[in-house]
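# Residue-level structure breakdown
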Amino acid sequence: MSVRRLLDTDTEAPRAATWQVRDVSAPWVPESWYPHVPWAESHAYSNDHLQQHYADASWHVIGGTTRGRVHANDGTHREDAMAMAASPHLVILIAADGAGSSRWSRVGAETACRTVLDTLSPALTDPDADIGTLLRDAVSRSCRAIEAVAHRTGEPTREFRSTLLAACWLRTPHHERLHAIQVGDGAMVARRTDGSVLRLVNDVQTEYSGEVSAFLPDDNALEAVAVQHAAADVEAILVMTDGVEDPFYPLQRHGARIVDQFYQGVPVGGTMLDRQGTHGPIAGSPQALEHLREWLAFERRGENDDRTILGAFRLDREGR
Amino acid sequence: MTTRRLPVYILADVSGSMQGTPIESVRSGIRQLHRDLMGDPQAIESAYLSVITFSDKAQQLERLTEVSAFNPPDFSASGQTNLGDALRLLLDCFETEILKTTPEQKGDWRPLVFLLSDGAPTDPTWPQYASQLCNKRPANVIAVACGDQADVDVLKQVTESVVLMQDMSPDSFKAFFKFVSASVKQTSAKVGSLDDGAGITLPPPPPGITIVP
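Residues numbered from 1 in each chain as written. Chains lettered and ligands numbered in written order. Predicted model: local features only at pLDDT ≥ 70, side-chain atom pairs only at ≥ 80, totals over all residues. Heavy atoms only, no water.

### Describing the overall build of chain A
Looking only at helices and strands, chain A features eight helices and 12 strands. In terms of overall dimensions, chain A is globule-like: its C-alpha atoms have a radius of gyration of 21 Å, near the 20 Å expected for 320 residues. Reported as C-alpha extents along the three principal axes, the dimensions of chain A are approximately 85 × 50 × 35 Å. Counting only residues that meet the buried cut, chain A has 57% of its 320 residues in that class. Total accessible area on chain A is roughly 13,400 Å²; 48% of this is exposed by carbon and sulfur atoms. For chain A, the distance from the average site of its 31 positive side-chain charges to the average site of its 45 negative ones is 3 Å. (Helix = DSSP H or I, 4+ residues; strand = E, 2+ residues; numbered from the N terminus. Rg over C-alpha atoms; globule rule 2.2 N^0.38 Å. Buried < 20%, exposed > 50% of the residue type's maximum accessible area, 1.4 Å probe, protein only. Areas by Shrake-Rupley, 256 points an atom, 1.4 Å probe, with all protein chains shown as cover. Lys, Arg positive; Asp, Glu negative; His and termini not counted. Charge placed at Lys NZ, Arg CZ, Asp CG, Glu CD.)

So this is what it looks like as structure tokens:
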């Protein structure tokens, strides 16, 4: 028998595998963790999560986070997380993306979102709150919260690494402003009434895909700077993890059209990628959640990460 | 909008000492790698394979090609071990084949390179190219010292990540290429940038293959 036949178990051309959708079999965290991370016991994990608020009649705030194809194929948990809240004068949008190379990153991402929301929530009823200071505090509190979870569970802090994006729209009697802070990749943009797209936090580019410059709870996360922008001419704000930014990159070119898709829907032939399902408007629509779910199901070759996008859409755009 | 790719280069020593079962094992291993990656839908969409062989000189037998279109090449063993030419060609490939992130497009993932050698280089040029690979880190390079005649010290000057294949049996090569396919599948996970020393996380090496400290 030839050496080649001895070595090769299959000399036929291999068949290409197709994507599978598998249920998650492992618990979100081990039960032994519940005494150390009390909120984890009641945390209702789901592969996809969508929610919305109306901040009086002016803003529709909506967000969704969905498990990507890679995790679905592997039967593992979504590692993105999100949180949001709104009051007549304040909108809070938060997203986090757990590092794929960190075993408990989904816990890091969820911890970050909860901590940031907890830090900012008092401002929902306090129009005089200093949002910039609260955002910086939120980052350091998130780092400490993740470190505490790591310490209590006996796991290395590196196993909880996560990015973080947080944006707030604030209205006072004197002005409207956007505040934002970011650790790691992903993007936050605002579309102005003139159609231009503003990136809220400057992009820190790395040479190659998948290499992130900072994570919670690493020391360099504390170097994140809270920024602010005038917002009277802003009609839409988007916060997204890289699972959404990367397929639509660069947002300077494509961000305005994404906002159009949220306001108007995706018509037949209106895809920006390999495939987008057709659906009606998202912003201000009674079918908003259903249409957002469809929007998040876009297809682009190689782009199979978890996806999270949150948006705030001004509903009284005329006359601005 | 271009597709982001994970470029994977196999850099194989095909010098005379690899004749017989070792070279057949490398050919078979590449076929096995291809089969394994065809079994992973993310690899099908994002991994691109290239094969560079080196003996008296280096040759790129397969340019960077998506997994579903990749044809495992045939090659034989003879000649010297011109590692310098292999590294030079690899660096040239990075310049011409790899896309980096710009304000207009997302770049490729940092390339993965698996360098297999069973001996010591016979050319005088390898140190200058090794130092470029080691210092500039244009790729994540894993060097495999095949058997006890391989010069581990030389490989350590190309990359910090060196593993030793203790014997050159077909089973060892098979296990090594399983490790390669597992590494490719794992590499698309998010990692820290090189600045923080995180690098990529590789799966544990299989039995018969040990990490050289």
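So that's the structure; there's more coming.
### Side note on the sheet that holds strand 3 (residues 80-87) of chain A
Residue and element names in this part refer to chain A. Spatial ordering of the open sheet is given by 3-4-5-6-10, a layout of five strands whose pairing is antiparallel. Either end of the sheet is taken by a strand with one partner, and the two such strands are strand 3 and strand 10 (227-230). Each strand axis lies, on average, 10° off the axis of its neighbour in the sheet, ignoring direction. Lying over the sheet, helix 5 (residues 131-153) contacts strand 4 (90-97), strand 5 (164-171) and strand 6 (176-183), oriented at roughly 15° with respect to strand 6. (Pairing = 2+ DSSP bridges. Axes fitted to C-alpha atoms, helices over the stretch in contact; angles between N-to-C directions. Contact = heavy atoms within 4.5 Å.)

### Considering the interface of chain B and chain A
Accessible area lost during the coming together of the parts is what is often quoted as the interface size. Each partner contributes residues to the interface: chain B has 43 residues there, and chain A has 49 residues. Of the roughly 4,000 Å² buried between chain B and chain A, counting both surfaces, carbon and sulfur atoms make up 49%. At the boundary of chain B and chain A, one finds eight salt bridges. Of the charged contacts, one joins B:Lys106 and A:Asp246 as a salt bridge, the two residues approaching to 3.3 Å between their closest N and O atoms. Inspection of the region where chain B meets chain A yields 19 residue pairs in polar contact (both at pLDDT 80 or more). Looking at the side of chain B that touches chain A, the elements with two or more residues in it are helix 1 (21-38), helix 2 (41-46), helix 6 (170-187) and strand 7 (191-192) of chain B. Of the residues forming the side of chain B that touches chain A, the biggest block, seven residues, is contributed by helix 1 of chain B. (Buried area = accessible area lost by both parts, 1.4 Å probe. Salt bridge = Lys/Arg side-chain N within 4 Å of Asp/Glu carboxyl O. Polar contact = N/O pair within 3.5 Å; in protein donor to acceptor, adjacent residues only side chain to side chain.)

### As for the environment of A:Pro217
Here A:Pro217 lies in the loop between strand 9 (211-212) and strand 10. Measuring from C-alpha to C-alpha, the distance between A:Pro217 and A:Ser142 comes to 7.4 Å, with 75 residues separating the pair along the chain.

### Observations regarding the side chain of B:Thr159
Residue and element names in this part refer to chain B. On the secondary structure map, Thr159 appears in the loop between helix 5 (152-158) and strand 6 (162-165). Here the side chain of Thr159 touches Val141 through a polar contact of 2.7 Å, landing on its backbone oxygen. Excluding residues that lie within four positions of it along the chain, Thr159 makes contacts with Cys134, Val141 and Ala143.

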